[in-house]
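Here's the letter readout for the chains.
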Amino acid sequence: MTASSDLLPEFREFERTSTTVVNSYVGPLMSNYLERLQKAFNGQVRVMQSSGGSMTVDLANREPVRTVLSGPAGGVIGASYVAGLAGHDNIMTFDMGGTSTDVALCPGRLQTATDFLVADMPIGVPVLDIHTVGAGGGSIARGDEGGAVRVGPDSAGADPGPACYGIGNQPTVTAANLVLGRVAPDKFLAGRMRIDATRSALAIRSALSSFSNDEYRSALGIVRVANAVMERALRVVSLERGYDPRD
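About the thresholds
Counting from 1, residues in each chain are numbered in the order their sequence is written. Only residues with pLDDT of 70 or above have their local features reported here, since the model is predicted, and side-chain atom pairs are shown and tallied only from 80 upward, although totals for entire chains, interfaces and linings are computed over all residues. Working from all heavy atoms in the structure, the side-chain values ignore hydrogens and water. Here, a strand pair is defined by DSSP locating no fewer than two bridges between the strands. Starting at the N terminus, helices and strands are each numbered in turn, a helix being any DSSP run of H or I of at least four residues and a strand any DSSP run of E of at least two. Simply put, an axis is a line fit to the C-alpha atoms, just over the touching stretch for a helix, and the angle between two N-to-C directions goes from 0 to 180 degrees. Exposure classes here rest on a 1.4 Å probe applied to the protein chains alone. A residue is buried below 20% of its type maximum, exposed above 50%, and partly exposed in between. The contact definition used throughout considers only heavy atoms, calling two residues in contact when any of these lie within 4.5 Å. Salt bridges are defined as contacts in which a side-chain nitrogen from Lys or Arg sits within 4 Å of a carboxyl oxygen from Asp or Glu.

K.L.:
Is there a simple way to explain the sheet that holds strand β9 (residues 130–133) in this structure?
P.N.:
With antiparallel pairing, the three strands of this open sheet are ordered in space as β3-β4-β9. The sheet is open, and its two borders are formed by β3 (90–96) and β9, each paired with just one other strand. Within this sheet the neighbouring strands show an average axis-to-axis angle of 15°, counted without direction. Where β3 and strand β4 (residues 101–107) come together, seven bridges link them in antiparallel fashion.

Here you go:
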């Protein structure tokens, strides 16, 4: 059970209630996972928070909502650290995964926020100020009614996954990069996993027939659209906030 007065003792009842509901929803799943993780290690386990800090397993069990953005937060922390070693204080981070791309602006410091949305649910706990768009390697491409290419936000997931993995039939950004020759089939995972360029080409040609019958041209369209979505995300955290990306 989660008491909102313990989790988020502040006014704005809707955000407080929403945060409490999310915490209760993810609690049982997180508790089961963290218990198994704790048993697998003899030493003390620390869990990354969405704010960029860490916490004990006990606190993570009670307040799992504090981990909802922990993966992308870890990327920002790591990028900021490496940039600092290289002598760069002002950076924009770019983290492309299977489902989304996460970007953040670090103008000499890590920035936090307390008004983040997860699946349209307001989260009131501190999180690193990360902007997320639905454009990742597994984002599915399709043609709209006007014949234009659309990418995401739906994702092929891990199972069955993109067409290039040889099981699913979804035309994705990764499949497009494979058709364009930007991913080497015999070098994927150091040659341990073979990926299917023919299956990728067929999936792209079938899904985007209204756009073009040439799978290479369609694949190039998919990548360009995905890149445009990512570029807009970088503009949101920089130009729209008064920061010049050249800095």
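K.L.:
Any chance you could explain the environment of glutamate 10 here in plain terms?
P.N.:
Within the element layout of this structure, glutamate 10 appears in the loop between α1 (4–7) and α2 (13–40). In this structure glutamate 10 comes out as partly exposed when scored by relative accessible area, which is 38%. Remark: the alpha-carbon pair of glutamate 10 and glycine 124, spanning 114 residues in sequence, is separated by 9.4 Å.

K.L.:
Would you explain the side chain of serine 238 in this entry?
P.N.:
Within the secondary structure, serine 238 is located in the segment after α7 (215–237). On the basis of relative accessibility, which here comes to 1%, the residue serine 238 falls in the buried class. Those residues within four positions of serine 238 in sequence are excluded, and the remaining contacts are Met92, Leu105, Tyr243 and Pro245.

K.L.:
Sorry, what's going on with the pattern of salt bridges here?
P.N.:
Here the idea is simple: oppositely charged side chains can pair when their charged atoms come close. Under the definition given, this model contains six salt bridges. With a closest N to O distance of 2.9 Å, arginine 241 and aspartate 129 form a salt bridge. Taken together, the positions of arginine 241 in the segment after α7 and aspartate 129 in the loop between β8 (127–128) and β9 put the pair 112 residues apart, joining distant regions of the chain. The closest approach of N and O atoms between arginine 150 and aspartate 144, which form a salt bridge, is 3.1 Å. Relative accessible area serves as the criterion here: at 40%, arginine 150 is assigned to the partly exposed category.

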